[in-house]
Amino acid sequence: MQILHSVNDFNEAKQVIVGGVNSPVRAFKSVGGIPRFIDRGEGSYLYDVDGNQYLDFVQSWGPLILGHCNQMIIEASINALQNGSSFGAPTELETALAKEIILLYNGVDKMRFVSSGTEATMSAIRLARAYSGRDDIIKFEGCYHGHSDSLLVSAGSGCATFGSPSSPGVPQDFSKHTYVARFNDLDSVRSCFELGNIGCVIIEPIAGNMGLVPAENEFLVGLRALCDEFGAVLIFDEVMSGFRASLNGAQGYYDVVPDLVTFGKVIGGGMPLAGFGGKDEIMKLLSPVGDVYQAGTLSGNPVAVSAGLSAICQIKADVGLYARLQDLASRLMDGFAQEAQKRGIALQTCVRGSMFGFFFNSKEVKNFDDARGSDTQFFASFHQKMLERGIYLACSAFETGFVCSTMTQEEIDRAIVACGESIEEIINE
């Protein structure tokens, strides 16, 4: 495979963009090799600047559930753009998209749109702290909620401890209000509640940032009960799983209703858009009704909202969409597992709707410690081999993969064949 243009583009980018990329994982640091510079996308495929074609299981890290260059989303975006790219004023489109989300999610009475998942989670936590009147929060090791200071925190010597900053530039005074618990471990959560003055708990109910690791139903039920017991606000971060795992995200799998929900990715149809919503009694604390300040010049941008509204309307209209996507994702993961098993390689797999994940690990993965026990070196080699065969996977062992509506069983089967060939080649090296 010829990648000379990507090599040259990467070298040039590094002269003017830090690390040559505008988001760290894109640099391929954990898997090695040169990131492919993309020229265009179409349906299930990406095409790089060297003309190579890749079956894309990243789908812009989740937003493109309808694939690249969906015609209806393009038309909606162009129509909106022809009326103006930004107004800094309300539009009817924002109301229409908010109504669609509220109709599909229990416990969401009101919405507020922002431009990124980081903004959504940061704002939801500020709102939750104001409602509860407490400063301390609980997050879970392995869950990622954006790069705001309070959330760039890792566990210290144990799971029920004060967090410590996981990035330079994050003051200890900020991180001391963040407690880090173990995913799928209620005892660690209770310990945090007993140690701190907890105002809210934020969690990915279907975690997608340590690989795909869903919460156990009993864990989320218990988490809801603990929040009620201690008077804390429960926030579900569905930036990734919202409209990806099912039409109503994690609520399609769990009978647990949070107090606040954050959204992103799919609700923007590939454009920069995110949001948060929840119970009216909490949301009404937001300015201009209440005193909790949050604002953004491009919040509810008409082009992004038009793209998102088109995506949601298409998804709703396709009654069998999620069943088909889950069948494709399951076919892919079952195929990967069989190819690995044939060659004596341990592989754990998981599917939730159109999301999938796999770990080169002999143990079922239930939390971040389990995920870290995976063979990341084998994954790095596997990623490179698959890329050479035209299969574009997330360039980290701790990211989730995605299928899209334009994919076919034949394309899935081609990826499975590539999986077997890649594993075989690694073993024989």
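Residues numbered from 1 in each chain as written. Predicted model: local features only at pLDDT ≥ 70, side-chain atom pairs only at ≥ 80, totals over all residues. Heavy atoms only, no water.

## As for the overall build of the chain
For step 1, the next point in the chain: Secondary structure summary: the chain contains 13 helices and 19 strands in total.
For step 2, the next point in the chain: For 429 residues, the compact-globule estimate of 2.2 N^0.38 gives 22 Å, and the chain sits close to it at 21 Å.
For step 3, the next point in the chain: With respect to the principal axes defined by its C-alpha atoms, the chain has extents near 60 × 55 × 45 Å.
For step 4, the next point in the chain: Look at the contacts in the chain between residues 6 or more apart in sequence, and 71% of them connect residues 24 or more apart.
For step 5, the next point in the chain: Surface exposure of the chain reaches about 17900 Å², of which carbon and sulfur atoms provide 50%.
For step 6, the next point in the chain: The distance from the centre of the 32 positive side-chain charges to the centre of the 50 negative ones in the chain is 2 Å. (Helix = DSSP H or I, 4+ residues; strand = E, 2+ residues; numbered from the N terminus. Rg over C-alpha atoms; globule rule 2.2 N^0.38 Å. Contact = heavy atoms within 4.5 Å. Areas by Shrake-Rupley, 256 points an atom, 1.4 Å probe, with all protein chains shown as cover. Lys, Arg positive; Asp, Glu negative; His and termini not counted. Charge placed at Lys NZ, Arg CZ, Asp CG, Glu CD.)

## Re the sheet that holds strand 19 (residues 401–402)
For step 1, the next point in the chain: Taken together, the 3 strands give an open sheet; going across it, the order is 16-17-19, and neighbouring strands pair in antiparallel fashion. Two strands close off the open sheet at either side, each with one partner strand: strand 16 (348–352) and strand 19.
For step 2, the next point in the chain: Sheet topology note: the strand 16/strand 17 (residues 355–359) ladder contains 5 bridges and is antiparallel. Its bridge partner being in strand 17, Gln 348 is matched across the sheet by Phe 359.
For step 3, the next point in the chain: The sheet strands contacting helix 10 (residues 321–342) are strand 16 and strand 17, and the helix crosses strand 16 at an angle near 180 degrees. (Pairing = 2+ DSSP bridges. Axes fitted to C-alpha atoms, helices over the stretch in contact; angles between N-to-C directions.)

## Topic: the packing of helix 2 (residues 71–82) against helix 9 (residues 302–317)
For step 1, the next point in the chain: Look at helix 2 against helix 9: their axes get within 8 Å of each other, and the N-to-C directions meet at 150 degrees. What the angle tells us is that helix 2 and helix 9 run roughly antiparallel. Note on packing geometry: the crossing formed by helix 2 with helix 9 is right-handed. Packed against helix 2, whose contacting residues are Met 72, Ile 73, Ala 76, Ser 77, Ala 80 and Leu 81, the element helix 9 presents Pro 302, Val 303, Ser 306, Ala 307, Ser 310, Ala 311 and Gln 314 at the interface.
For step 2, the next point in the chain: Considered class by class, the residues forming the contact of helix 2 with helix 9 number 9 nonpolar, 4 polar and no charged. (Parallel < 35°, antiparallel > 145°, perpendicular 65-115°, else oblique. Left-handed = near helix turned anticlockwise from the far one by under 90°. Nonpolar A, V, L, I, M, F, W, Y, C, P; charged D, E, K, R; others polar.)

## Points about the packing of helix 12 (residues 376–388) against helix 13 (residues 409–428)
For any two helices packed against each other, one specifies the inter-axial angle together with the distance between the axes.
For step 1, the next point in the chain: Between helix 12 and helix 13, whose axes approach to 9 Å, the crossing angle comes to 125 degrees. Relative to helix 13, the element helix 12 is oriented oblique. The chirality of how helix 12 crosses helix 13 is right-handed. Together, Phe 378, Ser 381, Phe 382, Lys 385 and Met 386 of helix 12 and Ala 415, Ala 418, Cys 419, Ser 422, Ile 423, Glu 425 and Ile 426 of helix 13 make up the contact between the two elements.
For step 2, the next point in the chain: Considered class by class, the residues forming the contact of helix 12 with helix 13 number 8 nonpolar, 2 polar and 2 charged.

## Structural notes on the packing of aromatic side chains
For step 1, the next point in the chain: Within this structure, the stated rule accounts for 17 aromatic pairs.
For step 2, the next point in the chain: Taking 5.8 Å as the distance between ring centres and 80 degrees as the angle between the ring planes, the aromatic pair formed by Phe 358 and Phe 382 counts as edge-to-face. Note that Phe 358 is positioned in strand 17 and Phe 382 in helix 12, a separation of 24 residues in sequence. No difference in accessibility class separates Phe 358 from Phe 382, as the two residues are buried. (Phe/Tyr/Trp six-rings, centres within 6.5 Å; stacked < 30°, edge-to-face > 60°. Buried < 20%, exposed > 50% of the residue type's maximum accessible area, 1.4 Å probe, protein only.)

## Regarding the UniProt feature "modified residue: N6-(pyridoxal phosphate)lysine" (unreviewed entry) in the chain
For step 1, the next point in the chain: The UniProt entry lists Lys 265 under the feature "modified residue: N6-(pyridoxal phosphate)lysine" (unreviewed entry), expressed in the numbering used here.
For step 2, the next point in the chain: With respect to the helices and strands, Lys 265 occurs in the loop between strand 14 (260–263) and strand 15 (274–278).
For step 3, the next point in the chain: Among all residues touching Lys 265, those that are not within four sequence positions of it are Trp 61, Gly 62, Pro 63, Val 239, Met 240, Gly 270 and Leu 273.
For step 4, the next point in the chain: Of note is the side chain of Lys 265, whose polar atom sits 3.2 Å from the backbone oxygen of Trp 61. (UniProt positions renumbered as here; feature names shortened; annotations may be inferred. Polar contact = N/O pair within 3.5 Å; in protein donor to acceptor, adjacent residues only side chain to side chain.)

## Some remarks on empty space enclosed by the protein
For step 1, the next point in the chain: Counted by the stated rule, this structure contains 3 cavities of 30 Å³ or more.
For step 2, the next point in the chain: Considered as a void within the structure, the largest cavity measures approximately 90 Å³ in volume.
For step 3, the next point in the chain: Lining the largest cavity, in full, are Phe 57, Phe 356, Gly 357, Phe 358, Phe 379, Leu 393, Ala 394, Ser 396, Ala 397, Glu 399, Thr 400 and Gly 401.
For step 4, the next point in the chain: Ranked by the residues each element gives to the lining of the largest cavity, the list is headed by strand 17, at 3 residues. (1 Å grid on protein atoms, 1.4 Å probe; cavity = no way out; pocket = protein on both sides within 12 Å on 5 of 7 lines; lining within 4 Å. Points joined across faces, edges and corners; volume = space filled by probe spheres on them.)

## A look at helix 2
For step 1, the next point in the chain: Taking 1.5 Å of rise per residue, the 12 residues of helix 2 would be expected to cover 16 Å, and the 16 Å separating its terminal C-alpha atoms lies within 8% of that figure.
For step 2, the next point in the chain: Burial in helix 2 covers these residues: Ile 73, Ala 76, Ser 77 and Ala 80. Looking down the long axis of helix 2, one finds its buried residues gathered within 95 degrees of arc, a one-sided arrangement.
For step 3, the next point in the chain: Those residues of helix 2 hidden inside the fold are in contact with helix 9.
For step 4, the next point in the chain: By the N-cap criterion, in which a side-chain oxygen at the helix start approaches the backbone nitrogen of a residue two or three places on, helix 2 is capped by Asn 70, the distance to Met 72 being 3.2 Å.
For step 5, the next point in the chain: Of the residues flanking the end of helix 2, it is Gly 84, one or two places downstream, whose phi is positive at about 130 degrees. (Expected span 1.5 Å × (residues − 1). Arc of directions from axis to C-beta.)

## What about the domain arrangement of the chain?
For step 1, the next point in the chain: Taken as a whole, the chain is organised into domain 1 (4–69 + 319–428) and domain 2 (71–317).
For step 2, the next point in the chain: Here domain 1 and domain 2 have C-alpha centroids that lie 26 Å from each other.
For step 3, the next point in the chain: Contact with domain 1, which involves 34 residues of that partner, is made by 35 residues of domain 2.
For step 4, the next point in the chain: Here domain 1 packs against domain 2, burying approximately 2700 Å² in sum over the two surfaces, 59% of which is carbon and sulfur.
For step 5, the next point in the chain: Area buried by domain 1 at its contact with domain 2 is led by Tyr 322, Arg 352 and Met 355, which between them contribute 22% of it.
For step 6, the next point in the chain: Lys 366 serves as the salt-bridge partner of Glu 216, at 3.5 Å between the closest nitrogen and oxygen.
For step 7, the next point in the chain: Run the count over domain 1 and domain 2 and you get 16 residue pairs in polar contact (both at pLDDT 80 or more).
For step 8, the next point in the chain: Breaking the side of domain 1 that touches domain 2 down by element, the ones donating at least two residues are helix 10, strand 16, strand 17 and helix 11 (368–372).
For step 9, the next point in the chain: By residue class, the composition of the side of domain 1 that touches domain 2 is 21 nonpolar, 8 polar and 5 charged. (Domains from an automatic or database assignment. Buried area = accessible area lost by both parts, 1.4 Å probe. Salt bridge = Lys/Arg side-chain N within 4 Å of Asp/Glu carboxyl O.)

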